[in-house]
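Summary of the model geometry
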Amino acid sequence: MSLISQNIPGHKTKRVDADGPSFLQGNEDSADGKESNLEIMRMTKRKRAHNGEDEKVAVEQEKEMKKLENSLFGSIYSPVEFGMEDEEKAVDEVDKGSALFFVDRSASIVHPGNDDDAKFSEEDTRQRKPVWMDEEEEKTNINIAKVNRLRKLRKEEDENFISGSEYVLRLRAQHAKLNPGTEWSQFDSQSMYNRYSDDESSDEENGLVVPRGYKEVGAVDDLLRTNEDLVVKSSGKLLPGLLEYSTLVDANAEEPCNGPINSVQFHRNAQLLLAAGLDRRLRFFQIDGKRNTKIESIFIDDCPIRKAAFLPDGSQVIIAGRRKFFYSFDLVKAKVDKIGPLVGREEKSLEVFEVSPDSSTIAFVGNEGYILLVSTKTKELIGTLKMNGTVRSLAFSNDGKQLLSSGGDGQVYQWDLRTGACFHKLVDEGCINGTALCTSPNGSLFAAGSDSGIVNIYNRDEVLGGKRKPIKTIENLTTKVDFMKFNNDAQILAICSSMKKNSLKLVHVPSYTVFSNWPPQRQVLHYPRSLDFSPGGGFMAVGNAAGKVLLYKLHHYHHA
């Protein structure tokens, strides 16, 4: 038994283990505490690292949101700072520990003040090219003579084909021509140029240098302040055949006349138009082609108006009818004066008269072949001229020193107003009774109309040299010629008769042919009684027996 018990080792070791020293137990407890503390520290570090990663993610998300908002809505959080991206990248790399230093790249950043780069930028701005060009435009040829609505784009009469790019340029020029600007909106280019030149010279004196790109600012401003044609035609010749025009609002649309319109005339400023008729009212309108606002209306109690005309200096209006007196209206004082009867004369009607271009003399048609000359200043009779037959029409020369007259004997008289003598007489070819006369603004041509509808155009120098034949005879009217008028550059001659409807023709003077598209087919002119062109040729006003003043825009002329 003892031997067997002694050979069992397990109990002794267990007892030793159970009954070991106390300090060994204390060491075991302390080791377990240290292990638990280490685990707690590791957990806190993990939490902190996790929180740090969350914060970084939140910061990055916030940056991404701001970047997206800036790209969509602009810089709303902070102004844009050029050259800061590289520094931010370098700082991020330092924070990450991937590098201990960063390279300063600000020296390689191009600043706007660099001279070479500014030079390149200026050259780029001066030589800006379109983003895209159609190569087919140069290859395409367009026949502008075949289509009626494209004939207006021709520069020469025999021009047929043009390239696509030229076609685009001419269309743009035509659009600018049809939509002109008003004069008050045009900037004074000369004062602009002087201002820039003065500023530039003063800067040079002070030692300041103006950048090269800014020296052309004046020219650019002039270009941007106008809507005139960028492609200017090489010549101002009016082409025959078809007349380019458009119908505008009636000039007297705000207050039509209650009777026939006997007189229409533009003021020298091209914005004021008078209209007078048998309803005894003289009306003034401001012409813009859109509203044509009425400015004033004057009632003449005892004189149905047969003719009213501005003095060429624009200061007064002469008003006459079938009365032995006439009226003068002062535009400045807005005062109407009654003048007459003329001393020593017994005329019962002073309805036909003409005013000299120098605004010094008024010539009235009198009785028994007399022509009455009245001073515009004193309104008194200063002389008379006597024809062999009756007087029916008058016309002054361009300088106002000579007077042309015609009448019942079929001859055209030319008078020297300084001596009162007739220095030349011309038998008007094919004329029995002369009814109308007019002279061109430059004085080289004059036209004579008769009661048979024949209009003869003469060259004054050739007539004075002995030539009796007219340059051209116009036979497009069949009734008595009542009125004729040259436009400002004598390229158009208007002839009309009040005896027949739509009896108004426009003659192309250089070719002596009538425009085929006038009068308008879709518009009734009624019985035309008076006509006038604006000083710049852009407007044409026609007064008719229905009391309307029809207004037209002539596209060849850029200014009113």
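Scroll up to find the structure this text is about.
Going along each chain's sequence as written, the residues are numbered from 1 onward. In view of the model being predicted, local features appear only for residues whose pLDDT reaches at least 70, and side-chain atom pairs are presented and counted only at 80 or more, with totals across whole chains, interfaces and linings using the full set of residues. Neither water nor hydrogens contribute to the side-chain values; these are computed over all heavy atoms in the structure.

Looking now at the pattern of salt bridges. Every case where a carboxyl oxygen of Asp or Glu lies within 4 Å of a side-chain nitrogen of Lys or Arg is listed as a salt bridge. Counted by the stated rule, this structure contains 15 salt bridges. Residue arginine 345 pairs with glutamate 347 through a salt bridge whose shortest N-O separation is 2.7 Å. Three exposure classes are used, based on accessible area relative to the maximum for each residue type with a 1.4 Å probe and protein chains only: buried under 20%, partly exposed in between, and exposed over 50%. With relative accessibility at 5%, the residue glutamate 347 sits in the buried group. With its nearest N and O atoms 3.0 Å apart, the salt bridge here joins lysine 469 to glutamate 429. Residue lysine 469 is located in the loop between helix 10 (460-464) and strand 23 (472-474), and its partner glutamate 429 is located in the loop between strand 19 (421-427) and strand 20 (434-439); the two are separated by 40 residues in the primary sequence. By relative accessible area, which is 53% here, lysine 469 ends up exposed. By the criteria applied, helices consist of DSSP H or I runs no shorter than four residues and strands consist of E runs no shorter than two, each listed in order from the N terminus.

Every regular strand shows the same layout, with side chains that alternate between the two sheet faces. Along strand 4 (residues 261-266), 5 of the 6 residues are buried, which leaves the element largely enclosed by surrounding structure. Examined bridge by bridge, strand 4 and strand 5 (residues 272-277) share 5 bridges and lie antiparallel to one another. Following the sheet pairing, phenylalanine 266 is matched in strand 5 by leucine 273. For two strands to be treated as a pair, DSSP must find no fewer than two bridges joining them. Where strand 4 folds back on strand 5, the antiparallel hairpin that results is connected by 5 residues, among which alanine 270 adopts a positive phi of roughly 70°.

Now for the packing of aromatic side chains. Any Phe, Tyr or Trp ring, taking Trp's six-membered ring, that has another such ring centre within 6.5 Å forms a pair; planes under 30 degrees apart are called stacked, those over 60 apart edge-to-face, and the others tilted. The full count for this structure, using the stated rule, is 10 aromatic pairs. Summarising the aromatic geometry, the rings of tyrosine 245 and tyrosine 552 are spaced 6.1 Å apart at their centres and angled 75° between planes, so their arrangement reads as edge-to-face. Separated by 307 residues along the polypeptide, tyrosine 245 in strand 3 (residues 245-247) and tyrosine 552 in strand 30 (residues 549-554) bring together distant segments of the chain. Among the residues examined, tyrosine 552 registers a relative accessible area of 0% and is labelled buried. Where phenylalanine 326 meets phenylalanine 364, the ring centres are 5.0 Å apart and the plane angle is 40°; that geometry is what we call tilted. Here phenylalanine 326 is found in strand 10 (residues 326-330), whereas its partner phenylalanine 364 is found in strand 13 (residues 361-365), with 38 residues between them in sequence.

Below, the discussion takes up the sheet that holds strand 14 (residues 370-375). Read across the open sheet, the 4 strands follow the order 12-13-14-15; overall the sheet is antiparallel. The sheet is open, and its two borders are formed by strand 12 (353-355) and strand 15 (381-386), each paired with just one other strand. Strand-to-strand twist across the sheet, computed as the mean angle between neighbouring axes with direction ignored, equals 20°. The sheet contact formed by strand 12 and strand 13 spans 3 bridges and is antiparallel. Along strand 13, the bridge assignment pairs glutamate 354 with alanine 363. Only the contacting stretch of a helix is used when fitting its axis, a line to C-alpha atoms as for every element, and angles between N-to-C directions run 0 to 180 degrees.

Every helix has an expected span of 1.5 Å times one less than the residues it contains. Helix length check: helix 7 (residues 164-178), at 15 residues, gives a terminal C-alpha distance of 21 Å against a target of 21 Å (1.5 Å per residue), a fit within 8%. Regarding helix 7, the residues found buried are Gly164, Tyr167, Arg170, Ala173, Gln174, Ala176 and Lys177.

A sheet is described by the order of its strands in space; here 4 strands give the open sequence 8-9-10-11, paired in antiparallel fashion. The open sheet has two edge strands, strand 8 (307-310) and strand 11 (335-339), and neither has a second partner. For this sheet the average axis-to-axis angle between neighbouring strands, irrespective of direction, equals 20°. Where strand 8 meets strand 9 (residues 316-320), 4 bridges bridge the pair, whose relative direction is antiparallel. Counted as the bridge partner of phenylalanine 310 is valine 317 from strand 9.

Bringing the environment of glutamate 159 into the picture now. Tracing the backbone shows glutamate 159 in the loop between strand 1 (141-143) and strand 2 (161-163). Assessed through its relative accessible area of 17%, glutamate 159 is described here as buried. Taking the C-alpha atoms as reference, glutamate 159 lies 7.1 Å from alanine 145; in sequence the two are 14 residues apart. Not counting residues within four places of it along the chain, the set of residues in contact with glutamate 159 comprises Ile144, Ala145, Arg154 and Arg170. Contacts described as polar in this section are N or O atom pairs within 3.5 Å, which, within protein, must combine one atom able to donate a hydrogen with one able to accept it, while residues neighboring in sequence count only if both atoms come from side chains. Within the structure, glutamate 159 has its side chain in polar contact with the side chain of arginine 170 (distance 2.7 Å). Residue contacts are counted whenever heavy atoms from the two residues lie within 4.5 Å of one another.

A few words on the pairing of strand 6 (residues 281-286). One ladder, built from 5 bridges, connects strand 5 with strand 6; its direction is antiparallel. Looking across to strand 6, one finds that alanine 276 is bridged to leucine 282. Where strand 6 meets strand 7 (residues 293-299), 6 bridges bridge the pair, whose relative direction is antiparallel. The residue bridging arginine 281 from the neighbouring strand is phenylalanine 299, located in strand 7.

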